[in-house]
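In case you want the letters, here they are:
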Amino acid sequence: MDGHPSRYLKEEFMPICPYFGHDKKYCDVGEDYIYPYDVVAMSHFCSCRYRECDKFDELARSYPEVLEKLDFPLEPVNESIPSRLSQPQPPSHVNPALIKIKFKNKWPLSFQLNRVISAYQSCQLNADLAEEPNLLNAKSSIEEKTTMQSQQIKNRGIQVLLAALGINLALGILYTWSIFKSAIADSIATGGEGAFTWNAASVNDPYAVACLAFAAAMILAGKCQDKFGPKVTCAIGGLLVGAGFILISQTTNYWVWIVGFGLLAGTGIGFGYSAATPPALKWFPPKKTGLIAGIVVSGFGLASVYIAPLAKYLLATVGLQQSMMYFGIAFAIVVTSLGMLISNPPADFVAVPNVDKTAVKSALSVPDLKPSHLFKEAKFYTLWLCYFIGSGAGLMVIGSAKGLAKASMGEMAFLVVIIMSVGNAAGRLIAGVVSDKLGRATTLAIMLTFQATLMFVAIPVLGNNTSSPFLVAALVTAMVFNYGTNLSLFPSFAKDSWGMKNFGMNYGILFSAWGVGAFTMVRLSEMLKVKTGSMDTSFIVAGVLLLVGAMMAMSLRTKKAAAPATATEPIFVEEEDLVPQEVRN
């Protein structure tokens with residue numbers, strides 16, 4: 001402590017022990033951390049009453065030179081001390097052990113504590129000012145390192161985001177099924193050697209099975225992603241997609257297409273899709289969850305922009321089987337290569353190190369639910385049903401998009417698939433951004449209501465062969481826009497509700513609603529179309545279900561917690577008022 005309490009006592013011209021506050025070898029009272037009882041010793045013994053201290057006699061005998069160097073007058077010492085001072089000084093190696101003083105005094109009054117603490121803070125301030133240049137340099141170095149680290153994190157996050165987007169741009173071939181479906185239907189109608197001989201009502205079956213396998217694989221792929229990481233998961237997905245397409249390129253058999261396109265390709269798409277979204281979300285802060293999810297999954301919807309015209313060209317030049325071979329090889333290479341660029345952040349990673357403490361507390365307050373706990377939450381079932389309805393209604397339109405537009409657009413109907421893909425991607429991106437502002441539940445309710453309205457509007461528009469091609473394209477695009485919102489909102493729901501630790505598997509379980517909805521609604525729509533000759537009944541069923549889903553979505557809205565009451569004026573209490581002036585032992 002360098003003697004700072006004694007300095008204050010000296011300035012008040014109070015007789016004080018000359019050995020106090022110099023060094024521990026003289027007296028350890030007041031050294032290091034000041035305990036309240038040290039203050040008692042300083043106030044009652046080290047000033048005015050130090051002659052009653054047994055330690056003073058010992059120190060005076062052992063270190064008389066301290067008394068000789070006093071720079072302020074000291075009251076005469078009792079008679080016993082000079083006699084001790086006149087004695088010869090003991091050898092330097094003789095250093096009697098310091099005697100601990102056991103005081104039995106009252107707790108010091110607050111002004112006594114304040115006086116000593118103020119002196120300590122004054123000395124500490126002087127020391128800090130002396131070290132200020134070094135502190136500034138250290139602070140500058142830390143800030144520079146933090147800036148560099150933040151930039152590296154940002155670059156890594158963008159790399160993962162772009163790689164995930166590229167993977168989905170390849171896997172989005174699922175949404176061009178309507179072009180392949182038309183080629184199969186034409187082959188069935190034309191007949192001949194090597195033609196497809198399927199039942200007309202089963203043309204959509206490989207697509208429906210692929211959607212179901214996609215959803216089922218998301219659960220297994222989510223577990224794989226959580227345990228082994230996105231690279232392994234993505235590689236499995238790319239190889240399965242390639243194997244499935246190569247298999248169906250060798251035959252027109254119905255069951256081989258169910259296995260190849262439906263099971264293998266569908267499962268591979270599920271693995272690749274599961275490896276893309278969770279890592280990207282982990283690299284960015286919670287306030288950007290909707291935006292990042294929208295960007296990643298928009299690639300899946302946007303894929304038809306280039307796959308549709310490419311598929312049209314390949315079908316015209318090399319045929320359906322050979323086209324499947326080319327797609328299988330290309331997508332296996334692309335998906336596995338881009339998967340090597342995706343990784344999860346470190347376990348202790350924080351997206352924004354200098355983020356507001358309130359935001360961090362809010363993010364950390366989301367429980368990391370285990371997959372088995374989802375089935376105990378009512379919210380899970382509500383989300384599952386909403387996802388089932390929204391995805392099923394949209395996929396019903398996507399699977400028949402080209403056929404719906406063919407009556408009014410003829411051979412140019414494939415352009416609807418391209419325009420539709422833009423709407424699909426836009427719906428995912430816009431819904432993500434809007435939900436970050438308005439909330440997930442409100443955005444979902446609005447989108448489901450809008451989708452129901454479009455289903456009822458589609459009955460007179462798409463059921464009329466004389467409808468404007470522009471109107472048909474706009475209506476189908478709007479429907480698919482609304483469908484795309486589901487693929488952005490529900491990953492965000494899963495992260496917000498159940499945390500990121502088990503996000504892969506949790507979202508995989510929720511995503512099963514997408515597969516079941518696709519299989520059920522697509523199959524039902526095709527059966528109703530064959531039976532009635534139009535899509536009108538399908539649109540009515542979908543519209544009613546969407547309205548029910550919108551009402552359920554409103555129940556997901558969270559109530560705002562009441563703001564805690566705060567005092568209007570701070571209350572200050574003097575410390576002395578809290579300390580009794582007299583304490584009885």
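What you see is a predicted model; the values in this text were computed from it and never measured.

### Brief notes about helix H9 (residues 205-228)
Inference 1: Helix length check: H9 (24 residues) gives 33 Å between terminal C-alpha atoms against 34 Å at 1.5 Å per residue, within 8%.
Inference 2: The largest bend along H9 measures about 30° and falls at Met218.
Inference 3: A positive phi of about 95° marks Gly229, the residue just after H9.

### Re the packing of aromatic side chains
Inference 1: Per the counting criterion, the structure on display carries 26 aromatic pairs.
Inference 2: Pairing Phe490 with Phe493 gives two aromatic rings, centres 5.7 Å apart and planes at 45°, and the pair type is tilted. With Phe490 and Phe493 both in helix H21 (residues 469-498) and three residues apart, this pair spans about one turn of that helix.
Inference 3: What makes Phe493 buried here is its relative accessible area of 4%.

### Topic: the environment of Val160
Inference 1: Looking at the element boundaries, Val160 is found in helix H7 (residues 132-171).
Inference 2: Between the alpha carbons of Val160 and Met340 there is a distance of 9.7 Å; along the sequence they are 180 residues apart.
Inference 3: Filtering out sequence-adjacent residues up to four positions away, Val160 remains in contact with Pro279, Ala280, Trp283, Leu341, Ile342 and Ser343.

### Structural notes on the nonpolar core
Inference 1: In terms of nonpolar packing, the biggest core is built from 114 residues, with Leu174, Trp257, Phe327, Leu487, Tyr507, Phe511 and Trp514 touching the most fellow members.
Inference 2: At 13 residues, the largest contribution of residues to this core is made by H21.
Inference 3: Beyond its immediate stretch of four places on either side in the chain, Trp257 contacts Trp177, Ile184, Phe196, Trp198, Pro206, Ile248, Thr251, Thr252, Gly262, Leu320, Gln321 and Met324.

### A word on the pattern of salt bridges
Any two side chains of opposite charge can pair if their charged atoms end up close together.
Inference 1: Summed over the entire model, instances satisfying the criterion amount to two salt bridges.
Inference 2: When the shortest N-O distance is used, the salt bridge between Arg440 and Asp436 registers 2.8 Å.
Inference 3: Judged by its relative accessible area of 11%, Arg440 falls in the buried class.
Inference 4: A salt bridge links Asp496 to Arg440; the nearest nitrogen and oxygen atoms lie 2.7 Å apart. With Asp496 in helix H21 and Arg440 in helix H20 (residues 440-462), the pair connects residues that are 56 residues apart, well separated along the chain.
Inference 5: Where salt bridges share partners, they join Asp436, Arg440 and Asp496 into one cluster.

Cut-off values and rules
- Residues numbered from 1 in each chain as written.
- Predicted model: local features only at pLDDT ≥ 70, side-chain atom pairs only at ≥ 80, totals over all residues.
- Heavy atoms only, no water.
- Helix = DSSP H or I, 4+ residues; strand = E, 2+ residues; numbered from the N terminus.
- Expected span 1.5 Å × (residues − 1).
- Bend = angle between axes of the 7 residues up to and from the residue.
- Phe/Tyr/Trp six-rings, centres within 6.5 Å; stacked < 30°, edge-to-face > 60°.
- Buried < 20%, exposed > 50% of the residue type's maximum accessible area, 1.4 Å probe, protein only.
- Contact = heavy atoms within 4.5 Å.
- Core = buried A, V, L, I, M, F, W, Y, C linked by side-chain atoms within 4.5 Å.
- Salt bridge = Lys/Arg side-chain N within 4 Å of Asp/Glu carboxyl O.

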